[in-house]
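Take a look at the letters that make up each chain.
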Amino acid sequence: MDIKNPRILKFKGILFLCLGLLSSALLIFLNLSLSTIALLGISIWAFCRFYYFAFYVLHHYADPNFKYSGLVDLANYFLGKPRRQKNGQPSRIDRFK
């Protein structure tokens, strides 16, 4: 299902934010220590940087011609598996050089 309604998309984003805040707060509450807080912060920062790398850097700098819709397509791209088009025909994937 492809969500195009801006109100639903914003609500979905708010739900993700609430889920992240709640899970982070529970993790810190269950194991209150400076190392837990630091490692959680580093993990969040690293995943944000990976997201930026996966969906901006690769598309804009490494291979602007390749379009992918998610992490599964990205993994298949790195593994060199041919991507299927909607009509069932394989499309050409150029691997990183």
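Starting afresh in each chain, residues are numbered from 1 along the sequence in its written order. In view of the model being predicted, local features appear only for residues whose pLDDT reaches at least 70, and side-chain atom pairs are presented and counted only at 80 or more, with totals across whole chains, interfaces and linings using the full set of residues. With hydrogens and water stripped out, all remaining heavy atoms of the structure feed into the side-chain values.

**Digging into the side chain of threonine 36**
- Secondary structure follows DSSP: runs of H or I at least 4 residues long count as helices, runs of E at least 2 residues long count as strands, and numbering of each begins at the N terminus. Within the secondary structure, threonine 36 sits in helix 2 (residues 34–62).
- Here threonine 36 falls in the buried class, since its relative accessible area comes to 11%.
- Two N or O atoms count as a polar contact when they lie within 3.5 Å, although within protein this holds only if one can serve as hydrogen donor and the other as acceptor, and sequence-adjacent residues are included solely when both atoms are side-chain atoms. Engagement of the side chain of threonine 36 in a polar contact is seen with the side chain of serine 33, the distance being 2.9 Å.
- In this analysis, two residues are considered to be in contact whenever any of their non-hydrogen atoms come within 4.5 Å of each other. Dropping the residues within four chain positions of it, threonine 36 is found in contact with Leu27 and Asn31. Think of it in three bands: residues with accessible area under 20% of the maximum for their type are buried, residues over 50% are exposed, and the middle band is partly exposed, with areas taken using a 1.4 Å probe on protein chains only.

**A look at the confidence of the model for the protein**
- pLDDT measures how confident the predictor is about each residue, on a scale from 0 to 100. In the predicted model, the protein carries a mean pLDDT of 82, and 82% of its residues have values of at least 70.
- By mean pLDDT, the top-scoring element of the protein is helix 1 (residues 6–30) (94), and the lowest-scoring one is strand 2 (residues 90–91) (52).
- Note on residues 92–97: pLDDT is under 50 here. Beyond four places in sequence and across chains, it has 15 contacts.

**Points about the packing of helix 2 against helix 3 (residues 71–79)**
- At a minimum axis separation of 12 Å, helix 2 and helix 3 run at an interaxial angle of 70°. In this view, helix 2 runs roughly perpendicular relative to helix 3, as classed from their interaxial angle. The crossing of helix 2 and helix 3 is left-handed. Contacts from Phe50, Ala54, Phe55 and Leu58 in helix 2 reach Leu71, Leu74 and Phe78 in helix 3.
- Three classes are used, and their members are as follows: Ala, Val, Leu, Ile, Met, Phe, Trp, Tyr, Cys and Pro are nonpolar, Asp, Glu, Lys and Arg are charged, and the others, Gly among them, are polar. Residues that form the contact of helix 2 with helix 3 fall into these classes: seven nonpolar, no polar and no charged. Angular values range over 0 to 180 degrees, each being the angle between N-to-C directions of two axes fitted as lines to C-alpha atoms, with helices fitted over their stretch in contact. The cut-offs work like this: below 35 degrees is roughly parallel, past 145 is roughly antiparallel, 65 to 115 is roughly perpendicular, and the gaps in between are oblique. Two helices that cross are described as forming a left-handed crossing if the nearer one is turned anticlockwise from the farther one by less than a right angle, and a right-handed crossing if clockwise.

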